[in-house]
Amino acid sequence: MKTITLKSITLSIFTLFMAATLLVSCSKSSDNKPSGSTSHKIIYKATATNGAVIDGVSYTDAQGDQTSLNGLNATTYTSPEITVPASQESVIFAAEGAGTGASSTITVNIYVDGVIKKTNTGSGLGISIPTSYTF
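The next thing to look at is the overall build of the protein. In terms of helices and strands, the protein carries 1 helix and 9 strands. In the protein, the succession of α and β elements from N to C terminus is α-β-β-β-β-β-β-β-β-β. The buried share of the protein, taken over its 135 residues, is 36%. For the protein, long-range pairs separated by at least 24 residues make up 63% of all intrachain contacts whose partners lie at least 6 apart in sequence.

Set out below in structure tokens:
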């Protein structure tokens, strides 16, 4: 009999959120883009505090696909700078990890053209914190 762990439940919820967000973000029409739209420079950052550890991250890359990194075992993660084309309407960033108690937190930030545009924080023992930004 297979045992279901908190980590497998968190990973399943994380995957479902990412898939749902990707479907919603891809369903919009790009016909309403202003003619002056330009590409954007994106940096994703996650920070763990109070005993939390970041196990993995997932983010939208320059082609609009999701890139996932697992086994990080870190207190911070910063992506390389990613240039997304003007045709891309949104980006998604999520981090998951583990805390030692209720005060353990992971905060995720999406920087667009050098400015923090979106921040989200999760706390507890099993932390899965997704966020997205629409241009």
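What follows picks up the thread again.
Okay, the nonpolar core next. By size, the foremost hydrophobic cluster in this structure holds 21 residues, and its most contacted members are Tyr44, Phe93, Ala95, Ile106 and Ile110. Secondary structure elements with two or more residues in this core: β1 (40-49), β2 (53-60), β5 (82-84), β6 (90-98), β7 (105-112) and β9 (126-134). Discounting chain neighbours no more than four positions away, the residues touching Ile110 are Ile42, Ile43, Tyr44, Val91, Phe93, Val115, Ile116, Lys117, Lys118, Thr131, Ser132 and Tyr133.

Looking at the secondary structure, you find Ser37 in the loop between α1 (6-26) and β1. Sequence spacing of Ser37 and Ser87 is 50 residues, and the spatial spacing of their C-alpha atoms is 8.2 Å.

What follows covers the packing of aromatic side chains. For the structure on display, the rule yields 4 aromatic pairs. An aromatic cluster is defined as three or more aromatic residues linked by ring pairs; in this entry it consists of Tyr44, Tyr59, Tyr77 and Phe93.

So, on to the sheet that holds strand β3 (residues 66-74). What holds strands together in a sheet is hydrogen bonding between their backbones, with the strands either parallel or antiparallel. Strand order in this open sheet of 4 strands is β3-β2-β6-β9, and the pairing throughout is antiparallel. A single partner strand is all that each edge strand has here, and the edge strands are β3 and β9. Within this sheet the neighbouring strands show an average axis-to-axis angle of 15°, counted without direction.

Averaged over all residues, the pLDDT of the protein equals 84, while 73% of them reach at least 70. Note on residues 27-35: pLDDT under 50 across the span, and 8 contacts to partners over four residues away in sequence or across chains.

Quick look at the pairing of β3 now. Along any regular strand, the residues point their side chains to alternate faces of the sheet. When β2 meets β3, the two strands line up antiparallel, connected through 6 bridges. From the neighbouring strand, Thr60 faces β3, where its bridge partner is Gln66. Taking the residues that link successive antiparallel strands as the turn, the β2-β3 hairpin has 5 residues, and the phi of Gly64 there is positive, at about 90°.

Locating Leu69 in the fold gives a position in strand β3. A sequence separation of 14 residues divides Leu69 from Asp55, and the C-alpha atoms of the two residues are 8.5 Å apart. Those residues in contact with Leu69 that lie beyond four places of it in its chain are Asp55, Gly56, Val57, Tyr59 and Tyr77.

Note that Ser79 resides in the loop between β4 (76-78) and β5. When its relative accessible area of 5% is taken as the criterion, Ser79 is described as buried. Those residues in contact with Ser79, other than ones at most four positions away along the chain, are Ile43 and Tyr44.

Conventions and cut-offs
Residue positions are given per chain, counting from 1 as you read along its sequence in written order. Only residues with pLDDT of at least 70 are given local features in this predicted model, and only at 80 or more are side-chain atom pairs given and counted; all residues enter the totals for whole chains, interfaces and linings. Side-chain measures here rest on the full set of heavy atoms in the structure, leaving out hydrogens and waters. Here a strand is any run of E in DSSP of at least two residues, a helix any run of H or I of at least four, and the numbering for each starts at the N terminus. Under the scheme applied here, a residue whose accessible area is under 20% of the maximum for its type counts as buried, over 50% as exposed, and between as partly exposed, the area being computed with a 1.4 Å probe on protein chains only. Should any heavy atoms of two residues lie within 4.5 Å, those residues are considered in contact. Residues enter a nonpolar core if they are buried and are Ala, Val, Leu, Ile, Met, Phe, Trp, Tyr or Cys, with the set joined through side-chain atoms within 4.5 Å. Pairs were defined over the aromatic rings of Phe, Tyr and Trp, the Trp ring being its six-membered one, requiring ring centres within 6.5 Å. Orientation was assigned from the angle between planes: stacked under 30 degrees, edge-to-face over 60, tilted for the rest. Only strands that DSSP links by at least two bridges are regarded as paired with each other. What counts as an axis is a line fitted to C-alpha atoms, over the stretch in contact for a helix, and the angles between N-to-C directions run from 0 to 180 degrees. Confidence of the predictor in every single residue is expressed as pLDDT, which spans 0 to 100.

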